[in-house]
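# Coordinates in review
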Amino acid sequence: MSGIRSTNTKPEILTRKALHRLGYRFRLDSKVGKIKPDIVLASRKVAIFVHGCYWHQHEGCRLAYSDRNYSAQWKKKFQDNIERDKKVVKELTENHWRVAVIWECSTRDANVFDEIINNLHDWIQNYRNQYFESRYKKILV
Ligand SMILES: [Zn+2]
């Protein structure tokens, strides 16, 4: 997907800035093995992905669907993305990393985003569960 995925999307920048404000420090372009999360908190073994709802086909999210008819080729591409995302989470968690996914839709409203960043901060600091995902109920169809 390297040809499709753009780095430094607006949701990524917002998330990096918010984490930075909370005192987190991270280098850009960090890798975990062959995996390249959007934000790596190496000392805490936390990998954060900021997913575009469309490319990553956020389930039930209106940003994930467009009104055009997908060709078989697009369907295949989306399915590949979903499979790859699952594999990446599995690989990281098996290697004792914790994984957070911030969906694009949850970065669009400042109040919602603040709340999600607070939850993420809390999860990073206090919780041992290996997976965190932002949810934005209002935007779900
Ligand atoms: Zn979404």
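Reference entry: report on the structure contained in this document. (Residues numbered from 1 in each chain as written. Predicted model: local features only at pLDDT ≥ 70, side-chain atom pairs only at ≥ 80, totals over all residues.)

## Considerations on the overall build of the chain
Across its full length, the chain carries three helices and four strands. In the chain, which comprises 141 residues, the proportion classed as buried is 26%. (Helix = DSSP H or I, 4+ residues; strand = E, 2+ residues; numbered from the N terminus. Buried ≥ 20, exposed ≤ 12 C-beta atoms within 10 Å, placed from the backbone.)

## Brief notes about unusual backbone geometry
Notably, aspartate 29 is not glycine yet its phi reads approximately 65°, a positive angle. Looking at where aspartate 29 falls in the secondary structure, it is placed in the loop between α1 (10–21) and β1 (39–41). Even without a glycine there, the phi angle at lysine 45 is positive, about 55°.

## Topic: helix α2 (residues 72–94)
Here α2 contains 23 residues, and its C-alpha end-to-end distance of 33 Å stays within 8% of the 33 Å for a straight helix at 1.5 Å per residue. Across the 23 residues that make up α2, only a small minority, one, are buried. Positioned one or two residues after α2, histidine 96 has a phi angle of 65°, which is positive. (Expected span 1.5 Å × (residues − 1).)

## Things to note about the pairing of strand β2 (residues 46–51)
Residues in a regular strand point their side chains to alternate faces of the sheet. Within β2, six of the six residues are buried, which leaves the element mostly enclosed by the surrounding structure. Because side chains alternate across β2, one face comprises the buried residues Val46, Ile48 and Val50, and the other comprises Ala47, Phe49 and His51, equally buried. Sheet topology places β1 next to β2; three bridges connect them, and they run antiparallel. Considered in β2, the bridge of valine 40 is made with alanine 47. Remark: four residues form the turn of the hairpin made by β1 and β2, two consecutive strands paired antiparallel; lysine 45 in that turn has positive phi of roughly 55°. With six bridges joining them, β2 and strand β3 (residues 98–103) adopt parallel strand pairing. Following the sheet pairing, isoleucine 48 is matched in β3 by alanine 100. (Pairing = 2+ DSSP bridges.)

## Brief notes about the nonpolar core
Counting residues in hydrophobic clusters, the biggest one holds 22 residues, and the most contacted among them are Ala47, Ile48, Val99, Ala100, Val101, Ile102 and Trp103. Every element with two or more residues in this core is listed here: β1, β2, β3 and α3 (110–126). (Core = buried A, V, L, I, M, F, W, Y, C linked by C-beta atoms within 7 Å.)

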